[in-house]
Amino acid sequence: MKAHGKHVQPLAGPEKAFGDAFRKLRKKKRISQETVSEKAECDRTTVSLIERGLVSAKLETIVKMCKAIAVLPSEVMRSMEKSPMYS
């Protein structure tokens, strides 16, 4: 892992793969982290931390975030499983 500022950025792992998959789908739909946080009823920094793989999201949060971008959690998981970061 590399150190960037205050947080250690994981190079791989399920959290990193999930966050990357979610970010790609969110950006494809042109939805901001702020919009996701409002619709998912969580803080924008939480969305950022999840997308960077720094925290492991609760299932409830995953479902809310996916609803916020109108994507099924299973779609994010399938994308995550195809990622080279998934280990």
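Provided above is the structure to which this section pertains.
Residues numbered from 1 in each chain as written. Predicted model: local features only at pLDDT ≥ 70, side-chain atom pairs only at ≥ 80, totals over all residues. Heavy atoms only, no water.

*Asks:* Where do I start with the pattern of salt bridges in this structure?
*Replies:* Side chains bearing opposite charge may pair, as long as their charged atoms lie close to each other. Within this structure, the stated rule accounts for six salt bridges. In this structure, Lys58 engages Glu60 in a salt bridge whose closest nitrogen and oxygen atoms are separated by 3.7 Å. For Lys58, a relative accessible area of 54% corresponds to the exposed category. Across the pair Glu60 and Lys64 runs a salt bridge whose closest N-O atoms are separated by 3.5 Å. One end of the pair is Glu60 and the other is Lys64, both in helix H4 (residues 59-68) and four residues apart, which spans about a single turn. Look at Glu60 and you get partly exposed, because its relative accessible area is 45%. The structure contains a network of salt bridges with shared partners spanning Glu41, Lys58, Glu60 and Lys64. (Salt bridge = Lys/Arg side-chain N within 4 Å of Asp/Glu carboxyl O. Buried < 20%, exposed > 50% of the residue type's maximum accessible area, 1.4 Å probe, protein only. Helix = DSSP H or I, 4+ residues; strand = E, 2+ residues; numbered from the N terminus.)

*Asks:* Could you clarify how one ought to interpret helix H2 (residues 33-40) in this entry?
*Replies:* All buried positions along H2 are accounted for by Gln33, Val36, Ser37 and Ala40. For H2, the angular spread of the buried residues around the axis is 95 degrees, confining them to a single face. Residues of H2 that are exposed and angled more than 90 degrees away from the buried face: Glu38 and Lys39. The inward-facing, buried residues of H2 abut helix H1 (14-28), helix H3 (44-51) and H4. Of the residues one or two after H2, Glu41 is the one with positive phi, at around 55 degrees. (Arc of directions from axis to C-beta. Contact = heavy atoms within 4.5 Å.)

*Asks:* Looking at this structure, how should I read the packing of aromatic side chains?
*Replies:* The geometry of an aromatic ring pair is captured by two quantities: the separation of the ring centres and the angle between the planes. Taken as a whole and assessed by the stated rule, the structure comprises one aromatic pair. An angle of 20 degrees between the planes, with centres 6.4 Å apart, marks the rings of Phe18 and Phe22 as stacked. One end of the pair is Phe18 and the other is Phe22, both in helix H1 and four residues apart, which spans about a single turn. The two residues Phe18 and Phe22 agree in class, both being buried. (Phe/Tyr/Trp six-rings, centres within 6.5 Å; stacked < 30°, edge-to-face > 60°.)

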